[in-house]
Amino acid sequence: MIRINENYKKLQSSYLFSDIAKRVSAFQKENPEKKIIKLGIGDVTRPLPQACIDAMHMAADEMNDIKTFRGYGPEQGYDFLREAIAKNDYQLNGIDVAPDEVFVSDGAKCDCGNIQEIFASDITVAIPDPVYPVYLDTNVMAGRTGFYKEGRYEGIVYLDGTAENGFVPELPNKKVDLIYLCFPNNPTGATISRDELKRWVDYARANRAVILYDAAYEAFIRDDALPKSIFEIEGARDVAIEFRSFSKTAGFTGIRCAFTVVPKSCCAYTSDGEKVALNGLWNRRHTTKFNSVSYPVQRAAEAVYSSEGKKQVRALSDYYLKNAALIRKEMAALGFDCIGGENSPYIWVNGKTDSWAFFDRLLKEAGVVVTPGAGFGKCGQGYIRISAFNNYEDVQKAMERIKEALE
Ligand code: MLT
């Protein structure tokens, strides 16, 4: 008899954003005349930078010529892109990352979800709460947790983010092996200082742990005092893996391109204590299960680092940050405590009421979709996340409608 992976039965109903999409579409069906404004899932609305479009057109033409046509590319990504990433995102900022430590992929979501495969199934995993659900759900699927009880999975060490700690969790009070961190944070928009991040790196070094650092939103950092990469921290190369994405940075959510940096000195251990480089393991996994991203898309990603591309990409994050500032200002004026929205496209709002009830109220009374904080974990209860990814005029309209509904 064929049997299922029963870990899937431990998962909570559907994936958060699918659940929200279902509720929104049911509401839209019942209210077809209502124009809903979506500030829920963090999906970009601005067109791709012209430099990326031009590069894609040129690459498409190359694919139409027998002399320049390309079939399968290298699984890890083309050298031209790996070199551009290593140079522009790291080396020019004084950070030691080599091209062969960069693995190009079709999304940080996939990489954050897949990376756990290279670790043992009986390790102890520390996951923040609130959290991007992918980190947690993929560990549930892999069997690293027990059952879901009272809002939490048995076996996970939860790192609580609260108003008291500014949504930057304390170090775990027990030994853990694998740690997920995300800054600027999804969902809270919180940022971490270099000193705070150093404490995590020191913890990982002292405990032979590995940090999975999701930096998908680094392009929104405007405060130079904040780290854009965990590799700015001394010693991090031995204990950290970093995920980045062109999705939010350059508007690639629809065309897909991201990358993961696995330094060659970052290691984990066999049960006999043998030290194994994770770069080799991830390379093995990547070459077996992935055929990289299409050539035109990799050329588009390379164009992000051209001088025109850099300006156009900066204009995109500036645009969404202007939305974020407006959202934060308006929600604060309505009397809500907010964090995020300054070096992040997400605003985390203390709604002082049940998250899903607040979500429903904003949907029904204002026609605005947000994300209920409780969907990101127990510590998210009472909060909502508002995304700045939309057109400025729609964000203005959404804020007016929320004001009208709540005042
Ligand atoms: C979010 O809204 O949290 C993100 O868009 C999800 C994602 O990037 O997968």
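All residue numbers refer to positions counted from 1 along the written sequence of the respective chain. In keeping with the model being predicted, local features are shown solely for residues with a pLDDT of at least 70 and side-chain atom pairs are shown and tallied solely at 80 or more, while totals for entire chains, interfaces and linings include all residues. For side-chain calculations, the full set of non-hydrogen atoms in the structure is used, while hydrogens and water are omitted.

(A) Examining the pattern of salt bridges more closely. Salt bridge, as used here: a side-chain nitrogen of Lys or Arg that lies within 4 Å of a carboxyl oxygen of Asp or Glu. Applying the stated criterion across every chain, the model contains 26 salt bridges. Here arginine 244 ties to glutamate 218 by a salt bridge, and the two come within 3.6 Å at their closest N and O atoms. Remark: glutamate 218 occurs in the loop between strand 8 (210-214) and strand 9 (240-245) and arginine 244 occurs in strand 9; sequence separation between them is 26 residues. For the residue pair arginine 244 and glutamate 218, the accessibility class agrees, reading buried in each case. Members of the salt-bridge network, linked through shared partners, are Asp89, Glu218, Lys228, Glu242 and Arg244. Secondary structure follows DSSP: runs of H or I at least 4 residues long count as helices, runs of E at least 2 residues long count as strands, and numbering of each begins at the N terminus. Partly exposed residues are those whose accessible area sits between 20% and 50% of the maximum for their type, while under 20% is buried and over 50% is exposed, using a 1.4 Å probe and protein chains only.

(B) Structural view of the packing of aromatic side chains. What counts as a ring pair is set by centres within 6.5 Å for rings of Phe, Tyr and Trp (its six-membered ring), and what kind of pair is set by the plane angle: stacked under 30 degrees, edge-to-face over 60, tilted for all other angles. Applying the stated rule across the entire model yields 24 aromatic pairs. When the centroid spacing of 6.0 Å and the interplanar angle of 80° are considered together, the rings of phenylalanine 167 and tryptophan 348 count as edge-to-face. With phenylalanine 167 in the loop between strand 6 (157-160) and strand 7 (178-182) and tryptophan 348 in strand 14 (residues 346-350), this residue pair connects regions lying 181 residues apart in the sequence. Relative accessible area serves as the criterion here: at 6%, phenylalanine 167 is assigned to the buried category. For tryptophan 348, a relative accessible area of 1% corresponds to the buried category. Chaining the aromatic ring pairs together yields one cluster made of Tyr15, Phe17, Phe167, Trp348, Phe376 and Tyr383. A positively charged side chain is recorded as over a ring if its NZ (Lys) or CZ (Arg) lies within 6 Å of the ring centre. The angle to the ring normal must also be within 35 degrees. A cation over a ring is seen here: lysine 10 above phenylalanine 147, with NZ or CZ 5.7 Å from the ring centre. The ring centre of phenylalanine 103 lies 5.5 Å from the NZ or CZ of arginine 82, which sits over that ring.

(C) View of the site of the ligand. In these notes, residues near a molecule or strand are those with any non-hydrogen atom within 4 Å of it. The immediate surroundings of the ligand are formed by Phe17, Ile41, Gly42, Lys109, Tyr132, Asn186, Tyr217, Lys248, Tyr346 and Arg385. We call two N or O atoms a polar contact when they sit within 3.5 Å, provided that within protein one can donate a hydrogen and the other can accept it, with sequence-adjacent residues counted only if both atoms are side-chain atoms. In this structure, an oxygen atom belonging to the ligand sits 2.9 Å away from a side-chain N or O atom of asparagine 186. Here an oxygen atom of the ligand sits 2.7 Å away from a polar atom, N or O, in the side chain of arginine 385. In short, Shrake-Rupley with a 1.4 Å probe defines the accessible areas, and a residue's cover is counted only from the protein chains shown. Contact with the protein chains covers 85% of the free accessible surface of the ligand, which is 270 Å². Note on residue classes: Ala, Val, Leu, Ile, Met, Phe, Trp, Tyr, Cys and Pro are nonpolar, Asp, Glu, Lys and Arg are charged, and everything else, Gly too, is polar. By residue class, the composition of the shell around the ligand is 5 nonpolar, 2 polar and 3 charged. Each domain span listed reflects an automatic or database assignment of domains. Two domains each donate at least three residues to the shell around the ligand, and these are domain 1 (6-47 + 310-406) and domain 2 (53-307).

(D) View of the nonpolar core. Grouped together as the largest cluster of nonpolar side chains are 53 residues, with contacts concentrated most on Ile179, Ile211, Phe246 and Phe252. Tallying contributions element by element places helix 3 (residues 79-90) first for this core, with 6 residues. The residues touching phenylalanine 246, leaving out its near neighbours within four places in the chain, are Leu81, Ile85, Gly251, Phe252, Cys257, Ala258, Phe259, Ala301, Val304 and Tyr305. The term nonpolar core refers to a set of buried residues drawn from Ala, Val, Leu, Ile, Met, Phe, Trp, Tyr and Cys, joined through side-chain atoms within 4.5 Å. Between two residues, a contact is recorded if the distance between any of their heavy atoms is within 4.5 Å.

(E) A look at the packing of helix 3 against helix 9 (residues 295-303). Angles here are taken between N-to-C directions and fall from 0 to 180 degrees, while the axes themselves are lines fitted to C-alpha atoms, restricted in helices to the stretch in contact. At their nearest, the axes of helix 3 and helix 9 sit 9 Å apart, and the two run at 25° to each other. It follows from the interaxial angle that helix 3 and helix 9 lie roughly parallel. In this structure, the crossing between helix 3 and helix 9 has a hand that is left-handed. For the pair helix 3 and helix 9, contact is made by Phe80, Leu81 and Ala84 and by Tyr295, Gln298, Arg299, Ala301 and Glu302, respectively. The class makeup of the residues in the contact of helix 3 with helix 9 is 5 nonpolar, 1 polar and 2 charged. Just so you know how the angles are binned, under 35 degrees is roughly parallel, over 145 roughly antiparallel, 65 to 115 roughly perpendicular, and the rest oblique. With the far helix as reference, a near helix turned anticlockwise by less than a right angle produces a left-handed crossing, and one turned clockwise produces a right-handed crossing.

(F) The arrangement of the sheet that holds strand 8 in detail. Strands are labelled as partners when DSSP assigns at least two bridges between them. Ordered in space as 2-10-9-8-7-3-6, the 7 strands form an open sheet in which the pairing is mixed. The open sheet has two edge strands, strand 2 (102-105) and strand 6, and neither has a second partner. Strand-to-strand twist of the sheet, defined as the mean angle between neighbouring strand axes without regard to direction, takes the value 20°. Contacting strand 2, strand 9 and strand 10 (258-261), helix 3 runs over the sheet at an angle of about 115° to strand 2. Packed onto the sheet, helix 8 (residues 278-289) meets strand 2, strand 8, strand 9 and strand 10 and runs at close to 25° relative to strand 2.

(G) Layout of the domain arrangement of the protein. Segmenting the protein into domains produces domain 1 (6-47 + 310-406) and domain 2 (53-307). Here the C-alpha centre of domain 2 lies 25 Å away from the C-alpha centre of domain 1. Taken together, the 36 residues of domain 1 in the interface contact 51 residues of domain 2. Here the quantity called buried area is the accessible surface, traced with a 1.4 Å probe, that two parts lose on coming together, added over both. For the domain 1 and domain 2 pair, buried surface summed over both sides reaches about 3,500 Å², with 61% attributable to carbon and sulfur atoms. Summed over the three residues of domain 1 that lose the most area to domain 2, namely Lys10, Lys310 and Asn343, the buried surface amounts to 20% of that side. Seen at the junction of domain 1 and domain 2, the total is 1 salt bridge.

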